[in-house]
Amino acid sequence: VLLRNTTAKTAKINLSFHWRNAVKDGRASIPEITLAPFESHRVDVQALQNFGAIPLDAFWAQVTMTTDTLPNEVMAVAASYDAKLRYGAQTPFSDQLIAHLEGGQWQVDANHTSLIAAGNGGTKEVQAALTFFYDQGRKQYRLEKTISADDQWWVDIGQLIRSQIPDKNGNTLPPDLTSGAYRLQEVSETHQDLLYEGKVITDKTYGHATYGCMVCCGYPQDSGGPFILANPTGVAVADSTYADVYGVNGCTGNADWVGGYFPTWWSSDNSILTADDFQITGVALGSTYANASASAMPSGDGEDSPDGCPFVPAQSTGTANVVPIVTNFHQTIGRDQGNGVLGFEYHWNSSSGNLADLSQCSVREVVTYPGSGDYAWSSPPYATHSETNPTILATAATGGVGNDVHSPGSGFTSTYVSNSFTATQKYQFSCTNYNSGTWNDLVTGISIVRTVSQNADSSWKYTITKSGVSASINPLP
Amino acid sequence: MKHTLLLFIVLPIAFAYSAAQVATPIQVGLVPKEKVIVAGQPLAVTLELKSSSLLRFDLGANHTANLRFTINGPTGRKIESQLPTPDFTVPGMITLSPGMTYLQTINLAPILKAEVPGLYQVGVEIVGNPNVIFKVDSEIPANILVNPKDSEQLRLACEELGRRIEVASSSSDRLEAASELASIRDPVAVPTIQKLLRHGLSIDSELINSLAEIGNADAIEVLRSSATGPDPDLVLLSRSALLRIKSRTSDEGLRKLADEALQPKQATTR
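Everything numeric in this text was worked out from a predicted model, so none of it was measured.

A. View of the overall build of chain B. A count of helices and strands for chain B gives eight helices and twelve strands. Within chain B, buried positions represent 47% of all 270 residues. Within chain B, contacts between residues separated by at least 24 positions form 71% of all contacts whose residues are at least 6 apart in sequence. As displayed, chain B has an accessible area near 13,700 Å², and 55% of this comes from carbon and sulfur atoms.

Encoded structure:
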């Protein structure tokens, strides 16, 4: 391990080794090193092994360097060469941790194998996933593992292929597979940013080892993120809704959830709404902005980043509207309108107190009949009649009144048989500027029961009942 | 003594209101939404009502039940009809202030589908208001020229209705435009309908029923998608629409497609 103090002051260095041999792993550290200004220093790992600080059969180690300097003031490189200095490999140290990295090509064949080491550089455990892509990205092989703090996950891809080790979904890599790409990600979406990674492709023929590093996948500001969802957010007075933050991933181009980076939320006008911890609450009708900020979020653009994964402060702002919605929906009239027709009148209000404010809102009825498909009324006793199932009828909400009638369909046949069926009705409202325009229940579970039955004198009658109100034709002609 | 005083106060007011209702006519205008359309587009008109005094009258359920239309088509057939009234409606009482104009767009497709090219003359009469005089504008009937079917023009008309739906400033405008779009029972409407579905525009049910009427392979594909959406009512409605297509079509291929769209999604294993 080669160390170089690039400053005009002394630097204190602590090196620790998390080593691995074929059967176990362990930790070792060496006495503190003090580097004079601009001094270069070599730590001979072979000597440490000969000395017994690290087992002789250890063939891999994660080396952690801690200094009393600023980042990049002390530079470190790990290098390994044969006795003639002809064959060897070098790898730089990285001082950045991140939640998502994308790797380049790995290679496995008779002469090559690829070793991937994923490490947890944090102080708490992390659930990580390694996904290998092959067949031109059409197929995936995914492994998951919990990596303890300061621990590593060591994967020999050649071993996975040769031993046909199944992944978490039970899939195996094809025996003739020779190359592909890979991705390392934290599985949990808590954005702990604890992972680092290294890959070595070894060549048995020539003794060559190629070092490869994944690229940081962050959310660069110029690729459309971070942004608040939903934007605009619609919320009613005294009602709350959740907002969230997404970012466009610099590697995949996908919109990823990045809310975990944004702990701080605030409203641009607390008299209209409040914003706190992903929650927006309406105070009064109006429009303002909901804001969220991150002290540091990854901005890696998917390009190779020799200086490590960049983290930058970020802020996200979205429009939030406190909008009127339909309230106080209630029945005012329910009556027998004659000829077996039931009539109802419903009234509703605007949460703003002004019905004209409901211009973006609709009210609808949904009547669901038994079974699937359009409902054909039983004939006899009914004349041929079919209803779309469910029957959905919507109207503008600004009137504040809706009339609903329930008739005996298309009438009756001349012969009667007993029959009864129940349709289930509900009323809902939707405002295009509220809750993404979804339909919200006003009243549900209303039964509309239609019955044809015989009287004691052998005549027949039709009765319809809803909400305790009935209409009938008795006797049927 | 108290009763006598009350009579003196109430009677003059009642007479005054009644006199105003009888004496002042409401000017009735009917303007084609588009003077020239192509076969397959709905006939649509805008009703304009004006008065010089304060009047209250009833247009009937959904503001249309008391409108009786007369349509003279190019075949010489005369249709006199009111629009069908759905079960769930808003009441049609209107209060017209002096100088105010009441405007309402009306889709006449439920009365007549203008499939035959030629001139259509649309007249209107407002019924059910015995105490109100309606004076019909001299420009009524409104003339609408229907050109022969042109798929490209029909497609453009669908796109324009789609744009109107997206930029509508109110739900009533949006519902009106959706009603017109749903009246175009032609395959060229499918891409516009697909674009509008499941966008929280409160018009999905109307459009899904329209897809059932179009009933081609593209419509089935859109219904397959809406049959797996998050709104359980629209899922049921989409499945009903697919069953309707399946039961009505004589095309074995379409029946098979509808059948496949109704099957539950299969889990994929690799």
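B. Spatial organisation of a nonpolar patch on the surface. A cluster of nonpolar residues, Val36(B), Leu119(B) and Leu145(B), forms a patch on the protein surface that exposes about 230 Å² of accessible area. Within the secondary structure, Leu119(B) sits in strand 10 (residues 118-126).

C. The arrangement of the interface of chain B and chain A in detail. Of the residues lining the interface, 28 residues belong to chain B; the matching set on chain A comes to 35 residues. Summed over the three residues of chain B that lose the most area to chain A, namely Asp87(B), Phe88(B) and Asp233(B), the buried surface amounts to 29% of that side. Connecting chain B to chain A are four salt bridges. A salt bridge links Arg244(B) to Asp374(A); its shortest N-O distance comes to 2.5 Å. The tally of links from chain B across to chain A stands at ten residue pairs in polar contact (both at pLDDT 80 or more).

D. Region of interest: helix 3 (residues 171-183) of chain B. Over its 13 residues, helix 3 of chain B runs 18 Å from end to end, which matches the ideal 18 Å to within 8%, given 1.5 Å per residue. Turning to helix 3 of chain B, its buried residues are Ser171(B), Arg174(B), Leu175(B), Ala177(B), Ala178(B), Glu180(B), Leu181(B), Ala182(B) and Ser183(B).

E. Molecular detail of the environment of Ser53(B). Residue and element names in this part refer to chain B. Counting through the fold element by element, Ser-53 comes out in the loop between strand 3 (44-50) and strand 4 (55-58). As for Ser-53 and Ser-97, which are separated by 44 residues in sequence, their C-alpha atoms are 6.2 Å apart. Excluding residues that lie within four positions of it along the chain, Ser-53 makes contacts with Thr-24, Leu-96, Ser-97 and Pro-98.

F. Seen up close, the sheet that holds strand 25 (residues 279-282) of chain A. All names here are of chain A. One open sheet accounts for three strands, arranged 20-25-24; its pairing is antiparallel. At either margin of the open sheet sits one strand with a lone partner, and together these are strand 20 (240-242) and strand 24 (273-276). Within the sheet, the average angular offset between the axes of one strand and its neighbour, ignoring direction, is 20°. Of the strand pairs in this sheet, strand 24 and strand 25 are connected by four bridges, and their pairing is antiparallel. Considered in strand 25, the bridge of Leu-273 is made with Gly-282.

Analysis parameters
Residues numbered from 1 in each chain as written. Chains lettered and ligands numbered in written order. Predicted model: local features only at pLDDT ≥ 70, side-chain atom pairs only at ≥ 80, totals over all residues. Heavy atoms only, no water. Helix = DSSP H or I, 4+ residues; strand = E, 2+ residues; numbered from the N terminus. Buried < 20%, exposed > 50% of the residue type's maximum accessible area, 1.4 Å probe, protein only. Contact = heavy atoms within 4.5 Å. Areas by Shrake-Rupley, 256 points an atom, 1.4 Å probe, with all protein chains shown as cover. Patch = residues over 30% accessible without salt bridge, like charges linked within 9 Å, V, L, I, M, F, W, Y side chains within 5 Å. Salt bridge = Lys/Arg side-chain N within 4 Å of Asp/Glu carboxyl O. Buried area = accessible area lost by both parts, 1.4 Å probe. Polar contact = N/O pair within 3.5 Å; in protein donor to acceptor, adjacent residues only side chain to side chain. Expected span 1.5 Å × (residues − 1). Pairing = 2+ DSSP bridges. Axes fitted to C-alpha atoms, helices over the stretch in contact; angles between N-to-C directions.

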